[in-house]
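Coordinate analysis (summary)
In case you want the letters, here they are:
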Amino acid sequence: MASSATKHFARQRMTAMIQVPLTIFLVIFAITMIGSTREEALAAFSTWWIAALLVAWFISVPLHMSIGIGDIIDDYLHKKGTRSLTHTLNSVYALLIGILGVGSVIAITLIA
Amino acid sequence: MSDTAARAPEDAVRQVSFIPGQNAPMSPHLQVWKFTVTMAASITQRITGGANAAGMALLVLWVASAAISESFYDAVTGFLGSWFGLVILAGFTLSVMFHMLNGLRYLGFDAGKGISRAASSNSGWAVFLLAPVLTAIIFFAGFTLGGAN
Ligand code: HEM
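How each quantity is defined
- Positions within a chain are numbered from 1, following the residues in the order the chain's sequence is written.
- The lettering of chains begins at A and the numbering of ligands begins at 1, in the order of writing.
- Per-residue local features of the predicted model are confined to residues with pLDDT of at least 70, and side-chain atom pairs are confined, for both listing and counting, to 80 or more; whole-chain, interface and lining totals are unaffected and use all residues.
- Water and hydrogen atoms were dropped before computing side-chain values, which therefore reflect all heavy atoms in the structure.
- Only DSSP runs of H or I reaching four residues or more are called helices, and only runs of E reaching two or more are called strands; each is numbered from the N terminus.
- Here a residue-residue contact requires only that any non-hydrogen atoms of the pair lie within 4.5 Å.
- One axis is fitted to the seven residues ending at the residue and one to the seven starting there. The bend at that residue is the angle between these axes.
- The criterion for a residue being near a molecule or strand is simple. One of its heavy atoms has to lie within 4 Å of it.
- For this analysis, a polar contact is any N or O atom pair within 3.5 Å, provided that within protein one partner can donate a hydrogen and the other can accept it, and provided that sequence-adjacent residues contribute only side-chain to side-chain pairs.
- As a working rule, the residues Ala, Val, Leu, Ile, Met, Phe, Trp, Tyr, Cys and Pro are called nonpolar, Asp, Glu, Lys and Arg charged, and the rest polar, with Gly in that last group.
- Take the buried residues of types Ala, Val, Leu, Ile, Met, Phe, Trp, Tyr and Cys, join any two whose side-chain atoms come within 4.5 Å, and each joined set is a nonpolar core.
- Only protein chains enter the area calculation, which uses a 1.4 Å probe; residues under 20% of their type maximum are buried, those over 50% are exposed, and those in between are partly exposed.
- UniProt positions are given in the numbering used here, feature names are shortened, and annotations may be inferred rather than shown by experiment.
- Counted as salt bridges are all cases of a side-chain nitrogen of Lys or Arg within 4 Å of a carboxyl oxygen of Asp or Glu.

The next subject is the environment of Phe109 of chain B. Residue position: Phe109 of chain B is located in helix α4 (residues 83-110). Look past the residues within four positions of Phe109 of chain B in its chain and what remains in contact with it is Gly114, Ile115, Ser120 and Ser123 of chain B.

Below is the structure:
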């Protein structure tokens, strides 16, 4: 890629497109999960295609949101130290969401 | 018009003396602006992007709690099902619906579709209207067809 800005732009749009069908799935899935016991939840989360869609969600969204929040930080924070610290926190948050999300789905497929 | 010419050199001198961070004008200007729906959609896209990021913590909590223990899962789903939890979920749903619809609008713009002033304004209004409508439909479905019913 020409530059990191170009890479961010392309990734932001790529993940945006992926997330439209994933979001529609997630909303419908969440509705069907209302009132589920943990046992029912484990069975649903470990269904192979649901697990796959959830993993896709928890990879795409952290990428998309870390780029997006990164742009917001660049727009509003100008002090060098504050800005780089906030960028670090942004990356840590995205990694945490991604690792916990993917990790939980994998753990559930192993225990269920 | 004649005094314009006379004033020009003076203005040119003033231009040069603008110091960024002191007296230079900034953009976007904070006092002089006009409401447009495209501008409102733009700032709302930013706000909902941030709200979605916060909402992701709840989503992860839900999935992780199922992996961790029954009592933790019951605590998380109990909170999400409480009136306070439902208010947060409604806000999260509205935020995601707006952001998704407006995001699609931007993907269209990137492809050169609907970028005329009239079209972008109309699609902006449509997003502001459709996001709450979709949210209402989702909550209606949740309360009537949802797994608990
Ligand atoms: C559901 C499908 C989604 C679509 C179609 C979508 C689309 C987009 C697009 C096109 C942008 C770029 C806006 C711009 O450059 O001005 C954007 C920005 C952003 N998105 Fe998403 N998005 C989606 C979901 C999400 C989710 C789930 C999150 C958070 C967890 C999120 C967080 C953000 C953030 C923080 C920004 C940056 C906003 C800004 O720079 O003002 N998005 N989104």
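The subject of this paragraph is helix α1 (residues 4-33) of chain A. Maximum bend of α1 of chain A: about 30°, positioned at Gln19 of chain A, with proline Pro21 of chain A one to four residues after it. Two residues or fewer after α1 of chain A comes Gly35 of chain A, characterised by a positive phi angle close to 80°.

Another aspect to go through is the site of the ligand. As a structural note, the neighbourhood of the ligand is formed by 22 residues, with Gln12, Thr23 and His64 of chain A together with Arg46 and His99 of chain B the closest of them. Mapping the residues adjacent to the ligand onto the chains of the assembly identifies chains A and B. Here Arg46 of chain B contributes a side-chain N or O atom positioned 2.5 Å from an oxygen atom of the ligand. For the shell around the ligand, the elements supplying multiple residues, two or more each, are α1 and α3 (48-76) of chain A together with α2 (37-68) and α4 of chain B. Per-class residue counts for the shell around the ligand are 10 nonpolar, 10 polar and two charged.

Turning to the nonpolar core, a few remarks are in order. The nonpolar side chains of a soluble globular protein tend to be buried with one another. Grouped together as the largest cluster of nonpolar side chains are 33 residues, with contacts concentrated most on Phe29, Phe45, Trp57 and Phe58 of chain A together with Met56 and Trp62 of chain B. For this core, the secondary structure elements donating two or more residues are α1, α2 (38-45), α3 and α4 (80-111) of chain A together with α2 and α3 (70-81) of chain B. Residue contributions to this core peak at nine residues, all from α2 of chain B. Formed by 14 residues, the second largest nonpolar core is a distinct cluster that contains Val96, Met97, Val127 and Ala131 of chain B.

Moving on, we get to the UniProt feature "transmembrane region" (unreviewed entry) in chain A. According to UniProt, the positions carrying the feature "transmembrane region" (unreviewed entry) are residues 16-36, 48-70 and 91-111 of chain A. The span residues 48-70 of chain A is 100% helix and 0% strand, and its two end C-alpha atoms sit 33 Å from each other.

Here we take up the interface of chain B and chain A. Every contact between the two is made by 32 residues of chain B and, on the other side, 39 residues of chain A. For the pair chain B and chain A, the interface holds two salt bridges. For Arg13 of chain A, the salt bridge goes to Asp110 of chain B, with nearest N and O atoms at 2.5 Å. Broken down by secondary-structure element, the contributors of at least two residues to the side of chain B that touches chain A are α2, α3, α4 and α5 (117-144) of chain B. For the side of chain B that touches chain A, the element with the most residues is α2 of chain B, which contributes 16 residues. Split by residue class, the side of chain B that touches chain A holds 22 nonpolar, seven polar and three charged.

Here we come to the pattern of salt bridges. Between side chains of opposite charge, a pair can form when the charged atoms approach closely. The final tally for this structure, using the stated rule, is two salt bridges over all chains. Here Asp75 of chain A and Arg46 of chain B are joined by a salt bridge, their closest N and O atoms 2.9 Å apart. Of this pair, Asp75 of chain A sits in helix α3 while Arg46 of chain B sits in helix α2, placing the two residues on different chains.

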